[in-house]
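Survey of secondary and tertiary structure
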Amino acid sequence: MDTNKNLLYKDASKFIYDIFGRPEYLTSQIDFTLSDTRSKGYLFLPESFNNLIHTRAVKRMSRILQTGTKIYKYPSMFHTRLEHSKGTYHRTLELMYTLYSNSKIHNLIKEKGYEKYIIAELVRALLHDIGHGPFSHTLETVCSLPKGFHEDIGFRLIQEYPELKDALNNIYPGLPEIYTEVIDKNFLGLNMIFEGQVDLDRGDFLPRDSFFANRNYSANAKIVSELFSNVTIEKIVDENGKTKLAPVFAANQVENLDTFFRNRFKNYRDIYHDQECSSYDYIFKSFASRLITSNEPSKLREFLIHNIGKTPDEIDLAEYVAFDDVEYLKGIISVYKTTSDPVLKKLALMSLPPRNTIEEFYLGLMVSDEQVDENGNRAYTNESDEEFIQDLLSLPDSKAEYNESCILLNSPSAQDIDEITQKLRKLLNITTDDLESIGIISWKDRDISYKAIPGKEVYVKDSAGKIYEYSKHPERKMPIFDETTYGFCLLTPLLEGNGFSPEQVSLAKSIMLSYNKNKAKQSEESVI
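Overview of the structure. Note that the coordinates shown come from a computational prediction; the quantities given were computed from them, not determined experimentally.

1. A word on the overall build of the chain
If you tally the helices and strands in the chain, you get 25 helices and 9 strands. A globule of 528 residues ought to have a C-alpha radius of gyration of about 24 Å, and the chain, at 25 Å, matches this closely. Dimensions along the principal axes, computed over C-alpha positions, put the chain at roughly 75 × 60 × 40 Å. For the chain, buried positions account for 56% of its 528 residues. Residue pairs in contact within the chain that sit at least 24 positions apart in sequence constitute 74% of those at least 6 positions apart.

2. A closer look at the sheet that holds strand 9 (residues 482–491)
One open sheet holds the 3 strands; their spatial order is 5-9-6, and the pairing between them is antiparallel. Pairing within the sheet leaves two strands with one partner each, and these edge strands are strand 5 (406–408) and strand 6 (440–448). Shown here is a sheet whose adjacent strand axes are inclined to one another by a mean of 25 degrees, direction ignored. For strand 6 and strand 9, the ladder comprises 9 bridges, and the chain directions are antiparallel. Bridging across to strand 9, Lys 444 finds its partner in Tyr 486. Contacting strand 5, strand 6 and strand 9, helix 15 (residues 275–294) crosses the sheet at an angle of about 130 degrees to strand 6.

3. Structural notes on a nonpolar patch on the surface
Together, Ile 30, Phe 32, Tyr 42 and Phe 211 make up a nonpolar patch on the protein surface, roughly 440 Å² of accessible area in all. Relative to the helices and strands, Tyr 42 resides in strand 2 (residues 42–46). Assessed through its relative accessible area of 39%, Tyr 42 is described here as partly exposed.

4. What about unusual backbone geometry?
Of note in this structure, Ser 144 is not a glycine but carries a positive phi near 50 degrees. If you check the backbone angles, Asn 214 has positive phi at about 60 degrees while not being a glycine. Mapping Asn 214 onto the fold places it in the loop between helix 12 (200–213) and helix 13 (217–228).

5. A few points about a negative patch on the surface
A cluster of acidic residues, Glu 151, Asp 152, Asp 313 and Glu 314, forms a negative patch on the protein surface. Relative to the helices and strands, Asp 152 resides in helix 8 (residues 149–160).

6. What to know about the nonpolar core
Of all hydrophobic cores here, the largest spans 128 residues; its most connected members are Leu 164 and Tyr 328. Beyond its immediate stretch of four places on either side in the chain, Tyr 328 contacts Pro 134, Phe 135, Leu 139, Val 142, Phe 284, Leu 300, Phe 303, Leu 304 and Phe 323. Among the nonpolar cores identified, the runner-up in size contains 18 residues, and Ile 407, Ile 438, Phe 488 and Tyr 515 belong to it.

7. Concerning the environment of Ile 315
Residue position: Ile 315 is located in the loop between helix 16 (299–305) and helix 17 (317–322). On the accessibility criterion, Ile 315 (5% relative accessible area) is buried. Considered as a pair, Ile 315 and Asn 50 are 265 residues apart in the sequence and their alpha carbons are 27 Å apart. Setting aside anything within four residues of it in sequence, one finds Ile 315 in contact with Phe 149, Ile 153, Arg 156, His 306, Asn 307, Lys 310 and Tyr 320.

8. Concerning the packing of helix 12 against helix 13
Taken N-terminus to C-terminus, the directions of helix 12 and helix 13 make an angle of 160 degrees; their axes are 8 Å apart at the nearest point. Considering their axes alone, helix 12 and helix 13 lie roughly antiparallel with respect to each other. Here the hand of the crossing between helix 12 and helix 13 comes out left-handed. Contacts between helix 12 and helix 13 involve Leu 200, Gly 203, Leu 206, Pro 207, Ser 210 and Phe 211 from the former and Tyr 217, Asn 220, Ala 221, Val 224 and Phe 228 from the latter. Looking at the contact of helix 12 with helix 13, its residues break down into 8 nonpolar, 3 polar and no charged.

9. Considering the packing of aromatic side chains
All told, the structure shown has 29 aromatic pairs when counted by the stated rule. Ring geometry for Tyr 9 and Phe 44: centres 5.7 Å apart, planes at 85 degrees, overall edge-to-face. Taken together, the positions of Tyr 9 in helix 1 (residues 9–20) and Phe 44 in strand 2 put the pair 35 residues apart, joining distant regions of the chain. Judged by relative accessible area, Phe 44 falls into the buried class, the value being 4%. Centroid distance Tyr 72 to Tyr 280: 4.7 Å. Interplanar angle 70 degrees. Geometry classified as edge-to-face. In this pair, Tyr 72 is assigned in the loop between helix 3 (56–59) and helix 4 (81–100) and Tyr 280 in helix 15, connecting sequence segments 208 residues apart. Both residues of the pair, Tyr 72 and Tyr 280, count as buried. By the ring-pair criterion, three or more aromatic residues cluster together here, those being Tyr 72, Phe 135, Tyr 280, Phe 284, Tyr 328, Phe 361 and Tyr 402.

10. A word on the packing of helix 4 against helix 12
Running from N to C, helix 4 and helix 12 point in directions that differ by 125 degrees, and their axes come no closer than 9 Å. When the axis of helix 4 is compared with that of helix 12, the two are oblique. Our pair here, helix 4 against helix 12, has a crossing hand that is right-handed. Of helix 12, the residues touching helix 4 (which contributes Glu 83, His 84, Gly 87, Thr 88, Arg 91, Thr 92 and Leu 95) are Leu 200, Asp 201, Gly 203, Asp 204, Phe 205, Pro 207 and Arg 208. When grouped by side-chain class, the residues that make up the contact of helix 4 with helix 12 number 4 nonpolar, 5 polar and 5 charged.

The rules we used
- Residues numbered from 1 in each chain as written.
- Predicted model: local features only at pLDDT ≥ 70, side-chain atom pairs only at ≥ 80, totals over all residues.
- Heavy atoms only, no water.
- Helix = DSSP H or I, 4+ residues; strand = E, 2+ residues; numbered from the N terminus.
- Rg over C-alpha atoms; globule rule 2.2 N^0.38 Å.
- Buried < 20%, exposed > 50% of the residue type's maximum accessible area, 1.4 Å probe, protein only.
- Contact = heavy atoms within 4.5 Å.
- Pairing = 2+ DSSP bridges.
- Axes fitted to C-alpha atoms, helices over the stretch in contact; angles between N-to-C directions.
- Patch = residues over 30% accessible without salt bridge, like charges linked within 9 Å, V, L, I, M, F, W, Y side chains within 5 Å.
- Areas by Shrake-Rupley, 256 points an atom, 1.4 Å probe, with all protein chains shown as cover.
- Salt bridge = Lys/Arg side-chain N within 4 Å of Asp/Glu carboxyl O.
- Lys, Arg positive; Asp, Glu negative; His and termini not counted.
- Charge placed at Lys NZ, Arg CZ, Asp CG, Glu CD.
- Core = buried A, V, L, I, M, F, W, Y, C linked by side-chain atoms within 4.5 Å.
- Parallel < 35°, antiparallel > 145°, perpendicular 65-115°, else oblique.
- Left-handed = near helix turned anticlockwise from the far one by under 90°.
- Nonpolar A, V, L, I, M, F, W, Y, C, P; charged D, E, K, R; others polar.
- Phe/Tyr/Trp six-rings, centres within 6.5 Å; stacked < 30°, edge-to-face > 60°.

The following block contains the structure:
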């Protein structure tokens, strides 16, 4: 195989036949964010993988936004977890095609019968996000879920969910068990390329998120394509003197690694941890807390009770799979319509997508290859979905309520947050330390462009062929970026719900707005 040429349909078909040991009809789909891959924007899926995608557990990812509530600020970010998962799968297919062309790896796979591991790695890529709940990482904030929760739920689904297990066994007998085996064995050292800092997951979401956010897409797509076309499996000696197999990038990829880490860092700082975007996580959390304590019966309330503070082993998988972004929002609308609690009603409205994003919600979550009628109509929706869209269009615009009831502190520093908190404490005579429960909410996010985490290091050669861990590479030019960003918001409905008078709430808002005005003035004066 010539791994420098384009990956055409016939090449992918031959590779799949070689690995599966049987002919598999390949479907091809167009994905513009893959235009810099060797398939030039085409995504190839074996028929058995298409059957896997149409199981309920996988198909639900077509109704879960990739970046959750980020669409509330950036309407163009309407891409889904399934689109990202298929992209990650395709990048894995291209990488496996490249590695398989290496005679040593090829012979090892043939001699040991390791074709099953290649299949398992392809499934691993496709299903890596299957455990995400509604609105992805937002649900983890809402329910105070432990780190790695969605990975553990995904593992349980693969091992326990009947429809999914059947589809996996139809791809290859015993595939759920082989899936576990390939991870435990760390086949060819590939765990680093699935769970590292330059892995296939990040290799897809960096250009994909950049494309939908209109930020450096072309550069990021080109970088990722070149990185994964220039990686080999080598024996390395880690800092503990242990020899192991690991992915190693070619010497000519140092600059691409520099740029990859810098641009990923910028996306975290400027998009994922943007203050307005993050504030919606706390609005969702405040709504959920208020709903649970309200004792008002609802399907959404039951779902939240069954998930808040739980471990992955405690989750009812059937209930979990029944919820996606659309069903979650339907639950919020139901609460908005029926609640007698004015605070809960405001929080429910603020949790709904702003009117200027509704068209994008429809295009992102209700128009896909996975949601079609018997005639192949991709814009198919059921009666409940139609009612949902009409509700979104007829209800008051949530953005107006957000602007009125969620007051952000502009570009806050740690000192700003401390000062405004003390002002609000004094004004409102607050003695509790649980400020979040009364609507005075602060947070911080630390973004680091690269960390040499044991087992997740990035290795790259120099021009003489010597292998270095990235941060120690003599030709690395980019610094390691390390910044902490802060967020602060005043949620006035929570103040109201905690017994503060309208006059006190108005004064609290005035303090926030005055602080922002003075800070803006100081900033202008410093520029002058």
